[in-house]
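Reading the structure
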Amino acid sequence: MEKHASTKRKAQGLIKKGAFAEAAALYKGLAETGDMQPYDYVVLGDLLIRSGERREALDRYEEALNSYADAGLHRNAIALAKKLHRLAPKLDYVHRRLGDLYAAEGLASEACLHYMTYLENVDREEDGTRDAVEDVCVRLLGLSLPTFDLVDTIVARAKDVDCAAACAPGVVAQSRRAEAVGDAERAAALTALARSLDENLDPDTVAMP
């Protein structure tokens with residue numbers, strides 16, 4: 001602990017002198033020992049940005065984001081994810097992370113916004129995209145959506161990567177929400193959609209998320 005504090009004091013002295021690369025090197029040493037708090041990764045990322053090491057800075061910010069999220073510090077993670085997005089707007093996965101974080105905070109509208117942005121912009125040819133899209137679609141259909149019209153869009157994005165069957169239970173859940181608000185016509189249409197996605201589905205056996 002004392003060594004950690006001493007290293008950080010040295011780094012702070014270098015920062016005051018404008019020696020950002022040297023200060024970053026000290027923080028990298030701490031990272032190699034595993035002796036880093038989430039905010040230390042943020043500081044390291046900031047130093048790397050100022051040293052011109054942008055790619056590694058983004059990686060360090062992501063480490064901080066993961067650390068905050070793992071600790072349940074969702075608000076800190078959200079702020080950092082937004083910073084990541086400002087620095088690298090083309091990092092589509094950041095919208096997925098923001099969706100997860102807002103959902104964990106119970107903020108369905110914000111989660112929906114970022115999940116939908118992810119689905120609209122993700123590279124469908126990239127390795128692992130199918131599983132990621134399936135996960136996001138299932139999560140979305142478990143939320144209280146701002147409009148039931150989004151269900152068709154979500155299912156369409158799932159069909160793009162051939163994982164629409166996984167959406168069927170979530171579509172049933174949306175059907176029940178429509179029924180609960182008195183929209184019987186929409187509820188019937190959503191139930192029919194769910195059956196078209198999975199002909200073996202029994203809507204009565206689907207539990208609400």
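Residues numbered from 1 in each chain as written. Predicted model: local features only at pLDDT ≥ 70, side-chain atom pairs only at ≥ 80, totals over all residues. Heavy atoms only, no water.

**Topic: the pattern of salt bridges**
- Per the counting criterion, the structure on display carries 17 salt bridges.
- Here E134 and R130 are joined by a salt bridge, their closest N and O atoms 3.2 Å apart. Of the two residues, E134 and R130 both sit in helix α8 (residues 129–141), 4 residues apart, roughly one turn of that helix.
- Residue classification places E134 among the partly exposed residues on the basis of a relative accessible area of 25%.
- Take R130: its relative accessible area is 38%, and that puts it in the partly exposed class.
- A network of salt bridges, in which partner residues are shared, links K28, E53, E56, R60 and E63. (Salt bridge = Lys/Arg side-chain N within 4 Å of Asp/Glu carboxyl O. Helix = DSSP H or I, 4+ residues; strand = E, 2+ residues; numbered from the N terminus. Buried < 20%, exposed > 50% of the residue type's maximum accessible area, 1.4 Å probe, protein only.)

**With respect to the nonpolar core**
- Counting 67 residues, the largest nonpolar core has L140 and V171 as the members making the most contacts within it.
- Ranked by the residues each element gives to this core, the list is headed by helix α4 (residues 54–70), at 7 residues.
- With near-sequence residues (within four places) excluded, V171 lies in contact with L141, V151, V155, L190, L193, A194 and L197. (Core = buried A, V, L, I, M, F, W, Y, C linked by side-chain atoms within 4.5 Å. Contact = heavy atoms within 4.5 Å.)

**What about helix α11 (residues 184–197)?**
- Relative to the 20 Å expected for 14 residues at 1.5 Å per residue, α11 spans 20 Å between its end C-alpha atoms, a close match to the ideal helical length.
- Listed as buried for α11 are A187, L190, T191, L193, A194 and L197. For α11, the arc enclosing every buried residue in end-on projection is 160 degrees, short of the 170-degree limit, so these residues lie on one face. Structural note: α11 exposes A184, E185 and S196 on the side pointing more than 90 degrees away from its buried face.
- The inward-facing, buried residues of α11 contact α9 (150–160) and α10 (168–180). (Expected span 1.5 Å × (residues − 1). Arc of directions from axis to C-beta.)

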